[in-house]
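Residue-level listing of the chains:
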Amino acid sequence: MKKLSARRRHPLAAVVVLLLALLFSGGLYAVFAPTSKAEADETAQSLTIEEGKKLYSVGCASCHGTGGQGTSDGPSLVGVGAAAVDFQVGTGRMPAATSQGPQVPKKKNIYSQAEIDQLAAYIASLGAGPAIPTEEQYGPQGADIAKGGELFRTNCAQCHNFTGKGGALTHGKYAPDLEGVSPKHIYEAMETGPQNMPSFPETTLSEKNKKDIIAYLDAVNSSKSESPGGLELGGLGPVSEGLFGWIFGLGGLIAVAVWVAARTAKAKKS
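It should be emphasised that the depicted structure is a prediction, and the values quoted were computed from it without experimental measurement.

### Topic: the environment of Thr192
Checked against the element boundaries, Thr192 lands in helix α10 (residues 183-192). Linking Thr192 and Pro130, residues 62 residues apart in sequence, is a C-alpha distance of 7.2 Å. Discounting residues that sit within four places of it in the chain, Thr192 has contacts with Ala83, Ala84, Pro130 and Ser199. Within the local environment of Thr192, its side chain forms a polar contact with the backbone oxygen of Glu188, the two atoms lying 2.7 Å apart.

Following this line, the structure appears as structure tokens:
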């Protein structure tokens, strides 16, 4: 007992006990402490990318290459970003059919939104590109509809018509009708420039500009009132209205000319 008491009174005894206590408590913390939020988020993102890679291998690799580098049947996806994937897959344009026409049409998509997010995460991991926009970016809050109409007529109406009804392009291509397209997909199309459409990055159209354009399209397509210009031909613009004028206007003039000529000939005979 005297020896044990002597050891307890040793000047280093307290230090040894403290070290043992720290090691014991540190070990318990390492075993039972929850994973930090950053580590948890990183793990979840890695799992999402891994699931996206599996989906890509099945539905996309045959055309775009096993690593997204592109092939003769499909362009490279390195650097296109998550927004391009969300638009193309979300609108059903991708995966495309084996035999394509001048451009890939919109169709019913075959992936759930969770699967689209996984595919987008994998493609985004291949190279930096536009991210999927948030509702704050494309929502109607704070949008200027009048400014959006001005921007749309300046940048978009040449192909999509003044109210977004779409129109024909060269070689069988076309600008699609924008009625019923979700605001998120319209924003993503402006960001990424799918198919025949040019892209409009922040240097060309700011986030606010895109929001204004989306609000304008929503206003003109959701309006149930009659056309302020009177009877319309589907809102297809000067081509259809001009054709109508040529057929019926010129046809009417020809009919009048024939009638006048017939009346003149009868008058001469009498």
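### Some details on the layout of surface pockets
Taken as a whole, the largest pocket spans an internal volume of roughly 810 Å³. What lines the largest pocket is a set of 30 residues, among which His64, Gly74, Pro75, Leu77 and Met94 lie closest to the centre. Of all the elements in the fold, those that place two or more residues in the lining of the largest pocket are α3 (37-59), α4 (61-64), α5 (81-90) and α6 (113-126). In terms of residue count, α5 provides more of the lining of the largest pocket than any other element does, 4 residues in total. Taken together, the residues of the lining of the largest pocket sort by class into 18 nonpolar, 11 polar and 1 charged.

### Let's talk about the nonpolar core
By size, the foremost hydrophobic cluster in this structure holds 15 residues, and its most contacted members are Phe152, Ile186, Met190, Leu205, Ile213, Ile214 and Leu217. For this core, the secondary-structure elements that each account for two or more residues are α8 (145-155), α10 and α11 (207-222). Setting aside its immediate chain neighbours within four residues, Phe152 contacts Ala157, His160, Asn161, Phe162, Thr163, Gly164, Leu178, Ile213, Tyr216 and Leu217. Counting 14 residues, the second largest nonpolar core, distinct from the first, contains Tyr56, Ala82, Leu119 and Ala120.

### Details of the environment of Gln69
Of note, Gln69 is situated in the loop between α4 and α5. When its relative accessible area of 46% is taken as the criterion, Gln69 is described as partly exposed. A sequence separation of 57 residues divides Gln69 from Leu126, and the C-alpha atoms of the two residues are 9.3 Å apart. If near-sequence neighbours (up to four positions away) are discounted, Gln69 is found in contact with His64 and Ser76. There is a polar contact of 2.9 Å between the side chain of Gln69 and the backbone nitrogen of Gly67.

So, how was this worked out
Residues numbered from 1 in each chain as written. Predicted model: local features only at pLDDT ≥ 70, side-chain atom pairs only at ≥ 80, totals over all residues. Heavy atoms only, no water. Helix = DSSP H or I, 4+ residues; strand = E, 2+ residues; numbered from the N terminus. Contact = heavy atoms within 4.5 Å. Polar contact = N/O pair within 3.5 Å; in protein donor to acceptor, adjacent residues only side chain to side chain. 1 Å grid on protein atoms, 1.4 Å probe; cavity = no way out; pocket = protein on both sides within 12 Å on 5 of 7 lines; lining within 4 Å. Points joined across faces, edges and corners; volume = space filled by probe spheres on them. Nonpolar A, V, L, I, M, F, W, Y, C, P; charged D, E, K, R; others polar. Core = buried A, V, L, I, M, F, W, Y, C linked by side-chain atoms within 4.5 Å. Buried < 20%, exposed > 50% of the residue type's maximum accessible area, 1.4 Å probe, protein only.

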